[in-house]
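Structure at a glance
One letter stands for each residue in the lines below.
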Amino acid sequence: DTEVTQTPKHLVMGMTNKKSLKCEQHMGHRAMYWYKQKAKKPPELMFVYSYEKLSINESVPSRFSPECPNSSLLNLHLHALQPEDSALYLCASSKTSPESSYEQYFGPGTRLTVT
Amino acid sequence: GQQLNQSPQSMFIQEGEDVSMNCTSSSIFNTWLWYKQDPGEGPVLLIALYKAGELTSNGRLTAQFGITRKDSFLNISASIPSDVGIYFCAGQPKGGGSQGNLIFGKGTKLSVKP
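Everything in this summary refers to the structure shown in the same document. (Residues numbered from 1 in each chain as written. Chains lettered and ligands numbered in written order. Predicted model: local features only at pLDDT ≥ 70, side-chain atom pairs only at ≥ 80, totals over all residues. Heavy atoms only, no water.)

**Side note on the overall build of chain A**
Helix and strand counts for chain A stand at zero helices and 11 strands. Its helices and strands in sequence order give chain A the pattern β-β-β-β-β-β-β-β-β-β-β, from N to C terminus. The C-alpha atoms of chain A give 13 Å as radius of gyration, which agrees with the globular expectation for 115 residues (13 Å, within 12%). Across its three principal axes, chain A shows a C-alpha extent of roughly 40 × 25 × 20 Å. (Helix = DSSP H or I, 4+ residues; strand = E, 2+ residues; numbered from the N terminus. Rg over C-alpha atoms; globule rule 2.2 N^0.38 Å.)

**Some details on the overall build of chain B**
What chain B contains, in helices and strands, is zero helices and 11 strands. Of the regular secondary structure in chain B, the N- to C-terminal order runs β-β-β-β-β-β-β-β-β-β-β. Whereas a compact globule of 114 residues would reach a radius of gyration of roughly 13 Å, chain B reaches 14 Å, a difference of no more than 12%. Based on the C-alpha atoms only, the size of chain B along its principal axes is roughly 45 × 30 × 20 Å. Residues classed as buried in chain B amount to 46% of the 114 residues present. Looking at chain B alone, contacts between residues at least 24 apart form 54% of all its contacts between residues at least 6 apart. Put simply, chain B shows about 5400 Å² of open surface, and 51% of that area lies on carbon and sulfur atoms. Computed over 9 positive and 8 negative side-chain charges, the separation of the two mean positions in chain B equals 11 Å. (Buried < 20%, exposed > 50% of the residue type's maximum accessible area, 1.4 Å probe, protein only. Contact = heavy atoms within 4.5 Å. Areas by Shrake-Rupley, 256 points an atom, 1.4 Å probe, with all protein chains shown as cover. Lys, Arg positive; Asp, Glu negative; His and termini not counted. Charge placed at Lys NZ, Arg CZ, Asp CG, Glu CD.)

**Description of the state of the cysteines**
Residue and element names in this part refer to chain A. One pass over the structure, following the stated rule, counts two disulfides over all chains. Sulfur-sulfur distance for the disulfide between Cys23 and Cys91 comes to 1.9 Å. Residues Cys23 and Cys91 are joined through a disulfide that is left-handed, its torsion about the S-S bond being -70°. In this pair, Cys23 sits in strand β3 (residues 18-25) while Cys91 sits in strand β9 (residues 87-94), placing the two residues 68 residues apart along the sequence. Using a relative accessible area of 2% as the deciding quantity, one classes Cys23 as buried. A relative accessible area of 0% means that Cys91 is categorised as buried. (Disulfide = S-S within 2.5 Å.)

**Some words on the interface of chain A and chain B**
Contacts between the two partners involve 26 residues from chain A and, on the opposite side, 21 residues from chain B. Taken together, the two surfaces of chain A and chain B that pack against each other cover about 1800 Å², and 58% of this comes from carbon and sulfur. Taken as a group, Pro42(A), Tyr102(A) and Phe106(A) account for 33% of the area that chain A buries against chain B, more than any other trio of residues on that side. Where chain A packs against chain B, one counts one salt bridge. For Lys9(A), the salt bridge identified is with Glu41(B), shortest N-O distance 3.3 Å. Run the count over chain A and chain B and you get six residue pairs in polar contact (both at pLDDT 80 or more). If you list the elements that add at least two residues to the side of chain A that touches chain B, you get β4 (31-37), β5 (44-50), β9 and β10 (105-106) of chain A. Residues of the side of chain A that touches chain B, tallied by class, amount to 14 nonpolar, eight polar and four charged. (Buried area = accessible area lost by both parts, 1.4 Å probe. Salt bridge = Lys/Arg side-chain N within 4 Å of Asp/Glu carboxyl O. Polar contact = N/O pair within 3.5 Å; in protein donor to acceptor, adjacent residues only side chain to side chain. Nonpolar A, V, L, I, M, F, W, Y, C, P; charged D, E, K, R; others polar.)

**Side note on the pairing of strand β11 (residues 110-114) of chain A**
Residues and elements named next belong to chain A. On β11, burial follows the alternation: Thr110, Leu112 and Val114 on one face are buried, whereas Arg111 and Thr113 on the facing-out side are not. In this structure, strand β2 (residues 10-13) lies alongside β11, joined through four bridges in parallel fashion. Looking at β11, one finds that Val12 is bridged to Thr113. Strand direction decides the pairing type here: β9 and β11, joined by three bridges, are antiparallel. Each residue of the ladder has a partner; that of Tyr89, found in β11, is Thr110. (Pairing = 2+ DSSP bridges.)

**Considering unusual backbone geometry**
Working note: non-glycine residues mostly have negative phi, and peptide bonds are mostly trans. The omega torsion of the bond from Thr7(A) to Pro8(A) falls at -10°, within 30 degrees of zero and hence cis. The residue Pro8(A) is located in the loop between β1 (4-7) and β2 in this model. Going from Ser7(B) to Pro8(B), the amide bond is cis rather than trans, its omega being -5°. Positionally, Pro8(B) belongs in the loop between β1 (5-7) and β2 (10-13). A positive phi angle, close to 55°, is found at Ser59(A), a residue other than glycine. Structurally, the position occupied by Ser59(A) is in the loop between β6 (53-57) and β7 (64-70). The residue Ala78(B) is not glycine, and still its phi comes out positive at about 50°. Note on placement: Ala78(B) falls in the loop between β8 (71-76) and β9 (85-93).

Right, dumping it as structure tokens:
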């Protein structure tokens, strides 16, 4: 099973709202990722968790707050977002080094619109 | 930073045609991956390559890890309408090190010929 699930599928939020995106995988992967993807662009890495610890933060603004409660779950907490944060947010998972660690499996994404 | 040059940017296919696209870099990569993304969905991993010269197939798809380790190719044989979408190459640069440090190409958009 190579499935990564994400909820919700679509989210519309105002700039003063607080919301969360959720991601789940049951492949036993110990690395999980958040990406942001704008239209007609490749995914841009935001955060990497390895063994439930944050290992990479690609200088993401603090209005995005990741959380990894356990090895299967990854959350992205959103607060005080701006309209330019509207995008497709993708979660991915992979094994950790050294074997097959670069094969990242993506979820279907959450389409976020900030009004 | 490191970049991947993916070409063509877009192409039109007629059912039954073979399709080729490639990715090149100025630096050496240890891993090449090919993904397909349909509108509103996440990228789906098609093929992963780990050794220079490696040729791997997945159904009608064949990908190769270039001998120089600076490029990769994806071929689709006998295309069908469901092949339309955006294809991304991605790679792990040599010495890239960090978990998750994939570099993505800008994508090749496959559309059906009008």
